[in-house]
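Structural overview for review
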Amino acid sequence: LFARSAYREWRALTLPPMGVRRWRIAGTSPDGTRAAIVLDPSAVPSPMLLVDTGNGRPVARLLERATQSSDAAFSPDARFVAAIGMPEEGLAVVEVVTGRVVFRRAIRGSLPCFSPEGRFLSVLTAERRFEVWDVERGELVGAVPAEHPLVARPSTGGTSLVVPDGPRATVSVW
């Protein structure tokens, strides 16, 4: 896989504020052309940006107030990126190529995960349930409770969401 890829690196992000030395990658697109980065994760609030990995330039601002626990995930077809951060901003789903915001929702959560075809997005909320969102419509389509949740994953065909619940030794399939 890596032998077929062209090696690229950028030593400095071409972003304001200049002088940002610390940043963290929250997620990368499947094709490697985009990354969601948190500028200076030690400072709160800190923005999360979608950047072009070829030149380090920003494509879109995903979140204004990201933290160490903010997370991002790209759809398998690299059409969308989902970012989740502080409660004031919550969840943002953005088109990767254009930077257009598809929808925003004021929820606290983590662990965004797209279905294999990129149509649905699951997010673990602070209320300890996995919410499932229709990406293009921006609508909540269901929720799966999880008392002690682990990472939920869609099935390979995208027809089910599998939610393990650790200490109870149960698995919910939605």
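Some thoughts on the environment of Thr98
On the secondary structure map, Thr98 appears in the loop between strand E7 (91-95) and strand E8 (101-105). Once the C-alpha coordinates of Thr98 and Ala60 are considered, the two residues, 38 residues apart in sequence, prove to be 8.1 Å apart. At a separation of 2.8 Å, a polar atom in the side chain of Thr98 contacts the side chain of Glu95. From its side chain, Thr98 meets the backbone nitrogen of Arg100 in a polar contact 3.1 Å long.

Let's talk about the pairing of E7
With 5 of its 5 residues buried, E7 lies for the most part within the structure. Side-chain alternation along E7 places Leu91, Val93 and Glu95 on one buried face and Ala92 and Val94 on a second face that is also buried. Pairing between E7 and E8: 4 bridges, direction antiparallel. Each residue of the ladder has a partner; that of Val94, found in E8, is Val101.

Describing the sheet that holds strand E5 (residues 71-74)
One open sheet holds the 4 strands; their spatial order is E5-E6-E7-E8, and the pairing between them is antiparallel. The open sheet has two free edges, formed respectively by E5 and E8, since each of these has just one partner strand. The average undirected angle you get between the axes of adjacent strands in this sheet is 10°.

Considerations on the sheet that holds strand E10 (residues 120-125)
Strand order across the open sheet formed by 4 strands is E9-E10-E11-E12, with antiparallel pairing between neighbours. Looking at the sheet topology across the chains shown, the edges are occupied by strand E9 (109-114) and strand E12 (139-145). Averaged over all neighbouring strand pairs, the angle between strand axes comes to 25°, with direction disregarded. Where strand E11 (residues 129-134) lies against E12, 6 bridges are found, and the strand directions are antiparallel. From the neighbouring strand, Val132 faces E12, where its bridge partner is Gly142.

As for the nonpolar core
The biggest cluster of nonpolar side chains holds 16 residues, and the ones touching the most others in it are Ala36, Met48, Leu62 and Val81. Elements with a contribution of two residues or more to this core: strand E2 (34-39), strand E3 (46-52), strand E4 (58-66), E5, strand E6 (80-84) and E7. Looking at this core element by element, the count peaks at 4 residues for E4. The residues contacting Met48, other than those within four sequence positions of it, are Ala26, Ala36, Ile37, Val38, Arg61, Leu62, Leu63, Ala66, Ser70, Asp71, Ala72 and Ala83. Within the second largest apolar cluster, 14 residues are counted, among which are Leu91, Val93, Val102 and Phe114.

Observations regarding the pairing of E6
With 5 of 5 residues buried, E6 lies mostly within the body of the structure. Residue alternation in E6 divides its side chains into two sets, Phe80, Ala82 and Ile84 and Val81 and Ala83, and both sets are buried. What sits between E5 and E6 in their antiparallel hairpin is a turn of 5 residues, with Ala78 showing a positive phi close to 65°.

Rules and cut-offs
- Residues numbered from 1 in each chain as written.
- Predicted model: local features only at pLDDT ≥ 70, side-chain atom pairs only at ≥ 80, totals over all residues.
- Heavy atoms only, no water.
- Helix = DSSP H or I, 4+ residues; strand = E, 2+ residues; numbered from the N terminus.
- Polar contact = N/O pair within 3.5 Å; in protein donor to acceptor, adjacent residues only side chain to side chain.
- Buried < 20%, exposed > 50% of the residue type's maximum accessible area, 1.4 Å probe, protein only.
- Pairing = 2+ DSSP bridges.
- Axes fitted to C-alpha atoms, helices over the stretch in contact; angles between N-to-C directions.
- Core = buried A, V, L, I, M, F, W, Y, C linked by side-chain atoms within 4.5 Å.
- Contact = heavy atoms within 4.5 Å.

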